[in-house]
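# Reading the structure
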Amino acid sequence: MTTATASHDNHDDHGHHGPAKGIMRWVLTTNHKDIGTMYLWFSLTMLFIGGTMALIIRSELFQPGMQLIEPEFFNQMTTMHGLIMVFGAIMPAFVGLANWMVPLMIGAPDMALPRMNNWSFWILPFAFGMLLFTLFTEAGAPNFGWTFYAPLSTTYAPSSVTYFIFGVHMMGISSIMGAINIIVTILNLRAPGMTLMKMPLFVWTWFITAYLLVAVMPVLAGVVTMMLMDIHYGTAFFDAAGGGDPVLFQHVFWFFGHPEVYIMILPAFGIVSQIIPTFARKPLFGYASMVYATSSIAFLSFIVWAHHMFTVGLPLQTELFFMYATMLIAIPTGVKVFNWVSTMFRGSMTFETPMLFALAFVVLFTIGGFSGLMLSIAPADFQYHDTYFVVAHFHYVLVPGALFGIIAGVYYWLPKWTGHYINENLGKFHFWMSFIGVNVTFFPMHFIGLAGMPRRIPDYALQFADFNAIATVGAFIFGFSQLIFLFVLIKTIRGGEKATDQVWEGAEGLEWTIPSPAPYHTFAEPPHVK
Amino acid sequence: MNSNSPQPDEQSGHKPNNTALKLVIAAVAMFGFGFALVPLYDIFCEITGINGKTGGPVERVEQWVDTSRTITVQFITTNNAGMPWEFEALQEEVEMHPGAWTQVKFWALNPTENDMVGQAVPSVSPSEAAEHVQKTECFCFDQQTLKAGEGREMPLIFSLSPEIPSHVKKVTMSYTLFDAGAFAK
Ligand code: HEM
Ligand SMILES: [Cu+2]
């Protein structure tokens, strides 16, 4: 496969052997493995930047009272932390994994639109560079929360909001291009015999996620465009004084926002569905029901958005509709958890690092699902809304959910990428520190939330002090444990026990038929799938 | 796409470019859909009366007056943050029969040294009553311009339609006043 290299004449002869040399390799590359690697490093960088912000937040919250930072800066930190983690860390990591693994799993030589692939990645550093740069301007960074409710983000916003809007536009375009590429690749480049219902679940979940992205990222682009027009062109989409409606903002935002939370979890479902069968040495239980459950979750995610708005003054019938629709999502989600557990039932399990992260995913994500169910009870949500209980909920589904899924995937496929096994002792050390850290951080937040501590507030009443102190200790444990991750990554890239082609004893699928490390070009001749 | 591009899969017969084009069109359509949500939202609220939005103005029709029922209508006024006007309802509440027309008055005064433009935004509670509020005249239909120091009585003429659900005994009509200088027509 020489799609891209062929177009740059001077690279022509390299195309068949390996990558070009020097920095231009990375700037001009159209190789899915290079681009996947760049996405993953970018995402890890964002994880550390966003994590530093989280530690600043937790440091201020270690004790009641204001000790370290100004409230205005605290608001910038919560906003930037959320934006960077959602759009900079989690989403690009999944796109990176898709770039690496989707072609290998379906027997394709590369992504279908390799040059667009290069663009999708290279937009990102500029988008986030612009967003981060606002921290150093006089107006300060955006401070209106990652949900940027109008009119806080329009009438009352700092001037940096315009950079924020352009940043969102750019990452939106990047995600849409990435999603289109994945759909086109899956529809067109499957090896002969790889029918849709033979595709590995990681490919399936990404296929569905990509449709979600194409459907809702443009709506996000629309809502920030409306903000831009309100701020600079005198329209009044969200300003009641001019005939607009601030509640409309929330409807449009959450029409994007709820599918977005599933964009951040479906690929993790896919990763876990690859890992558990490998280490249980049994085929996935209920493959077809997994596909249907994922599709139903994706469909339902479009009709539940107002569960984020139970307290804005919706009429009773509307509250009830969104309450029941939200509860309905628990059914396909339950099917998935059931299938993972059944896959392990009577399997010959071993507990290598990727499996440990996958198991923690199943347990801790389920806790997040249960707190979600509690929040979906409209009358109860009047108590929970905008408290730390919501913070506990979404961190349980996003950190030991989405992030553990990503880490599990990286450990699972790393020997294939680098040709080396990780040092299992270090990997397990990373796992246990992360597992303890995550629970010590987020579990107490359930309690302070139920006791009434509001979110996004830099100071709090005395009775919340103990649990906040515990959460801060947990956050530092978790944060610094990720340095172990970085260390393991670098160490494995530089050397280590030589990995076999199959890598894991129970692993099945096309990606394990190619050599380890994966050659620069794979499946130039499509494999035959029986 | 150059000739070395991955070849379409024989069994599916899709062409990458066609699929990509369709997806781009879908993305552009969804961008449009985001904007279409704005009028859709207003239409939805108006039809269902949820969100407490009231329509108007309507033609005054003499309609059947249900003298067997009396509904208390309360008036609430609020200033949006930073709006310096004095703004109040000149009567706290009125009792009325469904179908009968009533006139009430509000008072606004601009105490500042600048001419200003205000816009009142109405809301009705309970929201199921909103679609039964019929207004022939309301200060909320238009922007109100007050010179520095100027005060004005502002009328509201309305009725509750006789179809208003029988369990509704009390209706609250609330008006929030915004500084509409930025949107002055
Ligand atoms: C069983 C499935 C789930 C249910 C029933 C559920 C329900 C809810 C509800 C009702 C809220 C609103 C709470 C409030 O603001 O008062 C909420 C918030 C949230 N959920 Fe979930 N959820 C589920 C799964 C997930 C998943 C899988 C994710 C992401 C991976 C997620 C991410 C979030 C986020 C980020 C918020 C907070 C948004 C914000 O206000 O900043 N949830 N959830
Ligand atoms: Cu949601």
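Throughout, a residue's number is its position along its own chain's written sequence, starting from 1. Chain letters start at A and ligand numbers start at 1, both assigned in the order the entries are written. Only residues with pLDDT of at least 70 get local features here, since the model is predicted, and only at 80 or more are side-chain atom pairs given and counted; chain-wide, interface and lining totals rely on the full set of residues. Here the side-chain values reflect all heavy atoms present in the structure, with hydrogen atoms and water set aside.

### Remarks on the pattern of salt bridges
Residue and element names in this part refer to chain A. This is how it is decided: The salt bridge criterion pairs a side-chain nitrogen of Lys or Arg with a carboxyl oxygen of Asp or Glu, the two atoms within 4 Å. Every helix listed is a DSSP run of H or I at least four residues long, and every strand listed is a run of E at least two residues long, numbered separately from the N terminus. Burial classes: relative accessible area under 20% of the type maximum marks a residue as buried, over 50% as exposed, and values in between as partly exposed (1.4 Å probe, protein chains only).
Counting across every chain of the model gives 6 salt bridges over all chains. Here glutamate 424 makes a salt bridge to lysine 428, at a shortest N to O gap of 3.3 Å. Of this pair, glutamate 424 and lysine 428 both sit in helix α14 (residues 424-450), 4 residues apart, which is roughly one turn of that helix. Classification of glutamate 424 as partly exposed rests on a relative accessible area of 22%.

### Some remarks on the packing of aromatic side chains
Residue and element names in this part refer to chain A. Rules: Planes of paired rings set the category: under 30 degrees apart is stacked, over 60 is edge-to-face and the rest tilted, where pairs are Phe, Tyr or Trp rings (Trp by its six-membered ring) whose centres lie within 6.5 Å.
One pass over the full model with this rule turns up 60 aromatic pairs over all chains. For the ring pair phenylalanine 202 and tryptophan 413, a centre distance of 5.4 Å and an interplane angle of 55° mean the geometry is tilted. Here phenylalanine 202, found in helix α6 (residues 201-232), pairs with tryptophan 413, found in helix α13 (residues 388-418); they are 211 residues apart in sequence, far enough to count as distant. Here phenylalanine 202 matches tryptophan 413 in class, with each residue buried. Residues tryptophan 305 and phenylalanine 322 carry aromatic rings whose centres are separated by 5.1 Å and whose planes lie at 65° to one another, so their mutual orientation is edge-to-face. Taken together, the positions of tryptophan 305 in the loop between α9 (287-300) and α10 (316-344) and phenylalanine 322 in helix α10 put the pair 17 residues apart, joining distant regions of the chain.

### What to know about the coordination of the copper ion (ligand 2)
Ideal geometry at a metal centre: 109.5 degrees between donors when four sit tetrahedrally, and 90 or 180 degrees when six sit octahedrally. Residues and elements named next belong to chain A. Heads up, the rule is: Each metal's donors are the N, O and S atoms found within 2.8 Å of it, except that Na, K and Ca use a 3.2 Å limit; water is left out, so coordination can look incomplete.
For the copper ion (ligand 2), the full set of protein donor atoms is His258 (ND1), His307 (NE2) and His308 (NE2), at a range of 1.9 to 2.0 Å. Read in sequence order, the donor residues coordinating the copper ion (ligand 2) give the pattern H-x48-H-H. A distance of 4.6 Å spans the gap from the copper ion (ligand 2) to the iron atom of ligand 1. Of this pair, histidine 258 sits in helix α7 (residues 246-263) while histidine 307 is found in the loop between α9 and α10, placing the two residues 49 residues apart along the sequence.

### Brief notes about the sheet that holds strand β6 (residues 133-138) of chain B
Paired through backbone hydrogen bonds, the strands of a sheet run either parallel or antiparallel to each other. Residues and elements named next belong to chain B. Inclusion rule: Strand pairing requires that DSSP identify at least two bridges connecting the strands. Note on definitions: angles span 0 to 180 degrees between N-to-C directions of axes, and those axes are lines fitted to C-alpha atoms, for helices only across the stretch in contact.
Reading across from one edge, β2-β4-β8-β6 is the order of the 4 strands in this open sheet, with antiparallel pairing throughout. This sheet does not close on itself; its edge strands, each paired only once, are β2 (86-89) and β6. Across this sheet, the average inter-strand angle for adjacent strands is 25°, counted without regard to direction.

### Notes on the state of the cysteines
All names here are of chain B. Here is the rule: By definition, disulfides here are pairs of cysteine sulfur atoms that lie within 2.5 Å.
Within the structure shown, the criterion is met by 1 disulfide over all chains. Put simply, cysteine 138 and cysteine 140 are joined by a disulfide, and their sulfur atoms are 2.3 Å apart. Measuring the twist about the S-S bond at about 125°, one finds the cysteine 138-cysteine 140 disulfide to be right-handed. Residue cysteine 138 shares its accessibility class with cysteine 140, and that shared class is buried.

### Here we look at the coordination of the iron atom of ligand 1
For the iron atom of ligand 1, the sole protein-derived donor is A:His393 (NE2), lying 2.1 Å away. Structurally, the position occupied by A:His393 is in helix α13.

### A look at α6(A)
Residues and elements named next belong to chain A. Selection rule: The span expected for a helix works out to 1.5 Å for each residue beyond the first. The angle between axes fitted to the seven-residue stretch ending at a residue and the seven-residue stretch beginning at it gives the bend at that residue.
Look at α6: 45 Å from first C-alpha to last across 32 residues, which is about the 46 Å you get at 1.5 Å a residue. Where α6 bends most, the angle comes to about 25°, and this point is valine 214, followed within four residues by the proline proline 218. Among the 32 residues of α6, 28 are classified as buried, and the element is accordingly described as predominantly covered. Immediately downstream of α6, the backbone of glycine 234 shows phi near 70°, a positive value.

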